[in-house]
Each structure stands twice: as C-alpha cells, then as structure tokens.
Amino acid sequence: MNGALTRFRFMAYVVGVGLLLLVAAMFAKYVGDSETMMRIVGPVHGFLYAIYLVLTVDLALKARWSIKATALVLLAGTIPFVSFYAERRVVESLRTGKAL
C-alpha cells in the first residue's frame, strides 16, 4: 500500500497546484481577456485529474475506504486548496489506522 499512497500523494499535490493554475487561467481569460493560458492549463489539468482519479480509486480499494470517503477524496481535486487538506487527512488516517 506504500506505493499506492506515494503515487496518490504526488498526484494530490500536482492536481492541487494544477487547479490553482487553472483558477489563474480563468482569471486571465475572463478578466484579462486572454485565452492562451486557459487553452494550455485546462486540458493539462483535466488529464492530470483523470490520473488522480485512477490513483485515488486504487488507494481506496487497497485501504478499503467506504464509497462515501472515496467520493469525498475524489471530489477534493475539484476545489482549490482542498486536495492539499485531503492529502494530509488520508496520510494521517492511514498512518494511524483510523478510518476516513
């Protein structure tokens, strides 16, 4: 399970940073009237989020999370800064043996 946790942690940070970049790209698009950043960051974030979903489900199956806990961690990649919080909670719960 350590490998699955390491992969999840890496992607949680990558998706978190990517989501912050996506928010910046949205501001550039709607406030600055510049779509260039959005055209690059949008698809990249979408691809990385898909990888995050797969790795999260892999970890959830290995750690035997409930469907609710799995869904909440999956959704964490859609709200800025929440993926960082979710990553910490996941690591803490797995290290202490407590359920999410």
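An unreviewed UniProt entry lists the protein chain under the name DUF3817 domain-containing protein, with Saccharothrix xinjiangensis given as the organism. Turning to the protein chain, the UniProt annotation filed under Subcellular location (unreviewed entry) states: "Cell membrane".

A. Representation of unusual backbone geometry in the model. One non-glycine residue, Asp33, lies in the positive phi region at around 55°. As for its placement among the helices and strands, Asp33 is situated in the loop between α1 (2–30) and α2 (36–63). Note on Asp33: relative accessible area 71%, which makes it exposed. Positive phi is not limited to glycine here, since Phe81 has a value of about 75°. Looking at the secondary structure, you find Phe81 in the loop between α3 (67–75) and α4 (82–96). A residue is classified by how much of its surface remains accessible, and Phe81, at 57% relative accessible area, is exposed.

B. Up close: the UniProt feature "transmembrane region" (unreviewed entry) in the protein chain. This chain's UniProt record puts "transmembrane region" (unreviewed entry) on residues 12–31, 37–55 and 67–86. What you have in residues 67–86 is 70% helix and 0% strand, and the ends, taken at the C-alpha atoms, are 15 Å apart.

About the criteria used
- One numbering rule holds for all chains: residues counted from 1, following each sequence as written.
- Given that this is a predicted model, residues contribute local features only at a pLDDT of at least 70 and side-chain atom pairs are listed and counted only at 80 or more, while totals for whole chains, interfaces and linings are drawn from all residues.
- Just so you know, side-chain values use all the structure's heavy atoms and leave hydrogens and water out.
- UniProt positions are given in the numbering used here, feature names are shortened, and annotations may be inferred rather than shown by experiment.
- Each helix is a run of H or I in the DSSP string that is no shorter than four residues. Each strand is a run of E no shorter than two, and both are numbered from the N terminus.
- Per-residue accessibility, obtained with a 1.4 Å probe over protein chains only, is compared with the maximum for each type, and a residue is labelled buried under 20%, exposed over 50%, and partly exposed between these values.

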